[in-house]
Amino acid sequence: GAVVSQHPSRVICKSGTSVKIECRSLDFQATTMFWYRQFPKKSLMLMATSNEGSKATYEQGVEKDKFLINHASLTLSTLTVTSAHPEDSSFYICSAHQREGYNEQFFGPGTRLTVL
Amino acid sequence: GNSVTQMEGPVTLSEEAFLTINCTYTATGYPSLFWYVQYPGEGLQLLLKATKADDKGSNKGFEATYRKETTSFHLEKGSVQVSDSAVYFCALSGGGGYNKLIFGAGTRLAVHP
């Protein structure tokens with residue numbers, strides 16, 4: 001149980017295009033999902049906190065108009081990187097906070113984004 | 001603000017060696033402390049946790065004790081295996097809950113036969 005999936009696992013896109021990444025909690029309901037960015041050989045940097053049915057809360061320095069987050073249901077959150085540039089290339093990881101019972105964040109496997 | 005500092009890697013050990021990965025933190029209040037592990041090609045998995053001072057978290061032979069006096073949460077294992085090769089992240093969450101994790105930089109462990 002407590003599985004979080006991400007799709008796609010890898011994506012390559014051209015500069016200027018937009019890319020959508022999905023994060024799903026497969027067997028539990030998640031009131032809160034988190035989006036992280038991981039740079040090579042670096043730690044995870046929290047980008048935003050996504051609560052179901054409300055606007056995401058972005059960390060300082062993260063452009064909300066560039067990284068659009070939607071949390072439309074208790075099992076799905078999406079991150080859209082708009083007008084992507086090469087510097088947006090990174091590993092994006094989501095986690096889901098389980099609503100009931102076992103109070104823990106469960107992490108997805110990550111999405112490798114490469115912007116050419 | 002809250003922060004986590006981990007020893008830099010990579011750490012390279014022979015099988016059955018003793019492992020210590022140091023982790024210290026800065027936080028206001030009483031954070032919960034965690035160790036996560038990331039195996040190659042996989043997402044982060046919770047390895048162990050401690051929610052209050054002097055608690056010891058343990059799992060799969062790994063242990064870490066929440067030391068408030070030294071603001072530390074060092075990860076130890078008495079005898080590592082090749083399968084333990086991974087990246088280990090120390091993290092904290094303020095307020096005793098699981099919200100908004102602050103991660104250390106991660107320490108890569110490579111265990112050789």
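Computed from a predicted structure; not experimentally measured.

Enquirer: Got a minute to help me understand the nonpolar core in this structure?
Expert: One broad trend across soluble globular proteins is that nonpolar side chains are buried collectively. Counting residues in hydrophobic clusters, the biggest one holds 26 residues, and the most contacted among them are Leu19(B), Trp35(B), Leu47(B), Leu48(B), Phe73(B), Leu75(B) and Tyr88(B). When contributions to this core are tallied by element, the ones reaching two or more residues are β2 (11–14), β3 (19–21), β4 (23–26), β5 (32–38), β6 (44–50), β8 (62–65), β10 (86–93) and β12 (107–112) of chain B. If sequence neighbours within four positions are ignored, Leu19(B) has contacts with Val11(B), Leu13(B), Phe62(B), Leu75(B), Glu76(B), Lys77(B), Val80(B) and Leu109(B). Membership of the second largest hydrophobic core comes to 25 residues, among which are Val4(A), Leu79(A), Val81(A) and Cys94(A).

Enquirer: So what exactly am I meant to see when it comes to the packing of aromatic side chains here?
Expert: The final tally for this structure, using the stated rule, is eleven aromatic pairs over all chains. Seen from their ring centres, Tyr36(A) and Phe107(A) are 5.7 Å apart, and the 40° between their planes marks the pair as tilted. On the criterion of sequence distance, the pair formed by Tyr36(A) in strand β4 (residues 30–38) and Phe107(A) in strand β10 (residues 105–107) is long-range, its members being 71 residues apart. Taken individually, Tyr36(A) and Phe107(A) each receive the classification buried, so the pair is uniform in this respect. Ring centres of Tyr36(B) and Phe103(B) lie 5.7 Å apart, and the angle between their planes is 55°; this geometry places the pair in the tilted category. Pair noted here: Tyr36(B) is in strand β5 and Phe103(B) is in strand β11 (residues 101–103), with a separation of 67 residues, a long-range link. A relative accessible area of 0% places Tyr36(B) in the buried class. With a relative accessible area of 8%, Phe103(B) lands in the buried category.

Enquirer: I keep staring at the sheet that holds strand β3 (residues 19–25) of chain A and nothing clicks. Help me out?
Expert: The strands making up a sheet associate through hydrogen bonds between their backbones, and the pairing can be parallel or antiparallel. Residues and elements named next belong to chain A. Reading across from one edge, β1-β3-β8-β7 is the order of the four strands in this open sheet, with antiparallel pairing throughout. Because the sheet does not close on itself, it has two edges, and the strands there are β1 (4–7) and β7 (67–73). Strand after strand, the sheet turns through a mean of 15° between neighbouring axes, direction not considered. Inspection of the sheet shows β7 paired to strand β8 (residues 76–81) by five bridges, in the antiparallel sense. Bridge pairing links Leu68 to Thr80 in β8.

Enquirer: Explanation requested: the state of the cysteines in the structure shown.
Expert: By definition, a disulfide links the sulfur atoms of two cysteine residues through a covalent bond. Residues and elements named next belong to chain A. Tallied over the full model, the rule gives two disulfides over all chains. Residue pairing for Cys23: its cysteine sulfur links by disulfide to Cys94, the two sulfurs lying 2.0 Å apart. What sets the handedness of the Cys23 and Cys94 disulfide is the S-S torsion sign, and at about 80° it is right-handed. Here Cys23 is found in strand β3, whereas its partner Cys94 is found in strand β9 (residues 90–98), with 71 residues between them in sequence. Overall, the relative accessible area of 0% leaves Cys23 in the buried class. With relative accessibility at 0%, the residue Cys94 sits in the buried group.

Enquirer: It is not clear to me how the environment of Leu46(B) should be interpreted in this structure. Could you clarify?
Expert: Considering the arrangement of structural elements, one finds Leu46(B) in strand β6. Taking C-alpha positions, Leu46(B) is 9.4 Å from Phe89(B), a pair spaced 43 residues apart along the chain. Setting aside anything within four residues of it in sequence, one finds Leu46(B) in contact with Glu104(A), Phe34(B), Trp35(B), Tyr36(B) and Asn59(B).

Enquirer: How do you make sense of the sheet that holds β8(B) when you look at a structure like this?
Expert: Residue and element names in this part refer to chain B. One open sheet accounts for four strands, arranged β3-β9-β8-β7; its pairing is antiparallel. Where the open sheet ends on each side, the last strands, each with one partner, are β3 and β7 (56–59). On average, each strand axis in the sheet is inclined to that of its neighbour by 15°, with strand direction left out of account. Here three bridges tie β8 to strand β9 (residues 75–77), and the two strands are oriented antiparallel to one another.

Criteria and cut-off values
Residues numbered from 1 in each chain as written. Chains lettered and ligands numbered in written order. Predicted model: local features only at pLDDT ≥ 70, side-chain atom pairs only at ≥ 80, totals over all residues. Heavy atoms only, no water. Core = buried A, V, L, I, M, F, W, Y, C linked by side-chain atoms within 4.5 Å. Buried < 20%, exposed > 50% of the residue type's maximum accessible area, 1.4 Å probe, protein only. Helix = DSSP H or I, 4+ residues; strand = E, 2+ residues; numbered from the N terminus. Contact = heavy atoms within 4.5 Å. Phe/Tyr/Trp six-rings, centres within 6.5 Å; stacked < 30°, edge-to-face > 60°. Pairing = 2+ DSSP bridges. Axes fitted to C-alpha atoms, helices over the stretch in contact; angles between N-to-C directions. Disulfide = S-S within 2.5 Å.

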